[in-house]
2 protein chains.
Amino acid sequence: MNKELLWLNEAIKEAEISWAQGGIPIGSVLVTDKGEIVSRGHNQRVQTGDPTAHAEVVCFRNAGRRRDWAGLILVSTLSPCIMCTGTTLLFGIKRVIIGENKNFLGAEALMCSNSVQVDVLNDQRCISLMQRMKEERPDLWAEDIGK
Amino acid sequence: MNKELLWLNEAIKEAEISWAQGGIPIGSVLVTDKGEIVSRGHNQRVQTGDPTAHAEVVCFRNAGRRRDWAGLILVSTLSPCIMCTGTTLLFGIKRVIIGENKNFLGAEALMCSNSVQVDVLNDQRCISLMQRMKEERPDLWAEDIGK
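What counts and how
Residues numbered from 1 in each chain as written. Chains lettered and ligands numbered in written order. Predicted model: local features only at pLDDT ≥ 70, side-chain atom pairs only at ≥ 80, totals over all residues. Heavy atoms only, no water. Helix = DSSP H or I, 4+ residues; strand = E, 2+ residues; numbered from the N terminus. Rg over C-alpha atoms; globule rule 2.2 N^0.38 Å. Buried < 20%, exposed > 50% of the residue type's maximum accessible area, 1.4 Å probe, protein only. Contact = heavy atoms within 4.5 Å. Areas by Shrake-Rupley, 256 points an atom, 1.4 Å probe, with all protein chains shown as cover. Lys, Arg positive; Asp, Glu negative; His and termini not counted. Charge placed at Lys NZ, Arg CZ, Asp CG, Glu CD. Buried area = accessible area lost by both parts, 1.4 Å probe. Salt bridge = Lys/Arg side-chain N within 4 Å of Asp/Glu carboxyl O. Polar contact = N/O pair within 3.5 Å; in protein donor to acceptor, adjacent residues only side chain to side chain. Pairing = 2+ DSSP bridges. Axes fitted to C-alpha atoms, helices over the stretch in contact; angles between N-to-C directions. 1 Å grid on protein atoms, 1.4 Å probe; cavity = no way out; pocket = protein on both sides within 12 Å on 5 of 7 lines; lining within 4 Å. Points joined across faces, edges and corners; volume = space filled by probe spheres on them. Nonpolar A, V, L, I, M, F, W, Y, C, P; charged D, E, K, R; others polar. Expected span 1.5 Å × (residues − 1). Arc of directions from axis to C-beta.

Participant: Run through the overall build of chain A, naming residues and quoting values.
Facilitator: Across its full length, chain A holds 7 helices and 5 strands. Mapped from its N terminus to its C terminus, chain A presents α and β elements in the order α-β-β-α-α-β-α-β-α-β-α-α. Since a compact globule built from 147 residues should have a radius of gyration of about 15 Å, the 14 Å found for chain A is in line with a globular shape. By principal-axis analysis of the C-alpha atoms, chain A measures approximately 40 × 30 × 25 Å. Expressed as a percentage of the 147 residues in chain A, the buried residues total 61%. Nonlocal contacts in chain A, meaning residues at least 24 apart in sequence, comprise 54% of its contacts between residues at least 6 apart. Accessible surface, chain A as shown: approximately 5700 Å² in total, 49% of it carbon and sulfur. Averaging the locations of the 17 positively and 18 negatively charged side chains of chain A gives two centres separated by 5 Å.

Written out as structure tokens, the structure is:
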């Protein structure tokens, strides 16, 4: 199995933790290019009532204060929204691996225009997680993307 | 005194709270167009170790889960960075009032290109807060903007 898929597996584990808690099934990890996971996160809007607690923001939050951002890779089960894209750009992340962008297309174009390497895997497990969410809890999903 | 300045005064109070705590002196409020303050926030990177805890993000966080974002105005002492701009766009905020953009110019162009009304007051109190910060704690400031 290639390393990108191993990293995505960890993000999927985070998404599944959130779904099992009644939350939104999106997960992220930040990894070094050697594959060390430096932080993990899943969407916590339902769990904590924090509207900014998207998986990626939680993952950056959990990474704490550090200065090695430029060497880290963000891996997320879903295409990052404009907030999470902005966060990614603020910290100067150079590469983002995305589980899928069929259910939601975030601000990938803004990342690309800022020289971020964006790799979309369109992994069927990620697609299924979001499809289930959108079918079973459409209103919660609308809220998550500011609708 | 016009209402924009009254709202900015509240954001400045937040910035001063943070500075008094040894933190970064940036503050924000979210207000309705009637002037009701629905949430307040100041930068808490130093206080909590959370790198995403910019004043604006904390302010959105404190606003909680709600669906009336489009009617709220974001007031911040400093020009919002790309993360805070992304957050503002995610929630569909239509107007942003900025204390100053002399010490730091955030992603105002991205807000404007997304039809957000951006008003920059260049208030001398806000300028002085940031000048003091940059002179006394330059490294902390560099960290805050991902440098």
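Structure's up, so let's keep going.
Participant: Explain the interface of chain A and chain B to me, using residue names and the numbers behind them.
Facilitator: Taken together, the contact pairs 31 residues of chain A with 31 residues of chain B. Carbon and sulfur atoms make up 62% of the surface buried where chain A meets chain B, a total of about 2500 Å² over both sides. Counting the surface chain A buries against chain B, the share from its top three residues, A:Arg65, A:Arg67 and A:Leu90, is 29%. At the junction of chain A with chain B, the criterion picks out 6 salt bridges. Between A:Glu143 and B:Arg65 there is a salt bridge, with its nearest N and O atoms 2.9 Å apart. Taken together, chain A and chain B are joined by 6 residue pairs in polar contact (both at pLDDT 80 or more). Among the elements of the structure, helix H2 (45–48), helix H3 (55–63), helix H4 (82–90) and helix H7 (138–144) of chain A are those that each provide at least two residues to the side of chain A that touches chain B. Examining the composition of the side of chain A that touches chain B, we find that 6 residues originate from one element, H4(A), more than from any other.

Participant: Before we move on, could you go through the sheet that holds strand S2 (residues 37–42) of chain B and cite the residues and values that matter?
Facilitator: All names here are of chain B. Read across the sheet, 5 strands follow the order S2-S1-S3-S4-S5 without closing on themselves; strand pairing throughout is mixed. Of all the strands in the sheet, the pair left with one neighbour each is S2 and strand S5 (117–120). Here the strands of the sheet are splayed against their neighbours by 15 degrees on average, with no regard to which way each runs. Bridge count between strand S1 (residues 27–32) and strand S3 (residues 72–76): 5 bridges; the pairing is antiparallel. By the bridge assignment for S3, Thr32 is matched with Leu72. Contacting S1, S2, S3 and strand S4 (95–98), helix H1 (residues 3–20) crosses the sheet at an angle of about 145 degrees to S1. Seen against the sheet, helix H3 (residues 55–63) touches S1, S2 and S3 and runs at an angle of roughly 140 degrees to S2.

Participant: Give me the layout of surface pockets: which residues, what numbers.
Facilitator: In this structure, the largest pocket encloses a volume near 390 Å³. If you go around the largest pocket, you meet 21 residues; those closest to its centre are A:Leu89, A:Leu90, A:Phe91, A:Gly92 and B:Lys147. By residue class, the composition of the lining of the largest pocket is 13 nonpolar, 5 polar and 3 charged. Within this model, the second largest pocket holds a volume of roughly 160 Å³.

Participant: Give a description of helix H6 (residues 124–136) of chain B that names residues and reports values.
Facilitator: Residue and element names in this part refer to chain B. Between the first and last C-alpha of H6 there are 18 Å, a value that for 13 residues agrees with the 18 Å anticipated at 1.5 Å per step. Taken together, the buried positions of H6 are Cys126, Ile127, Leu129, Met130 and Met133. Down the axis of H6, the smallest arc covering the buried residues is 160 degrees, so these residues share one side. Seen from the buried face of H6, the exposed residues on the opposite side, beyond 90 degrees, are Glu135 and Glu136. Residues of H6 that are buried sit in contact with H1 and helix H7 (138–144).

Participant: Go over the sheet that holds strand S2 (residues 37–42) of chain A, please, and point to the residues and values.
Facilitator: Residues and elements named next belong to chain A. Strand order in the open sheet made by the 5 strands is S2-S1-S3-S4-S5, with mixed pairing throughout. The open sheet terminates on both sides in strands that have one partner only, identified here as S2 and strand S5 (117–120). On average, adjacent strands in this sheet sit at an angle of 15 degrees to one another, irrespective of strand direction. In the packing of H3 onto the sheet, contacts are made with strand S1 (27–32), S2 and strand S3 (72–78), and the angle to S2 comes to roughly 140 degrees.

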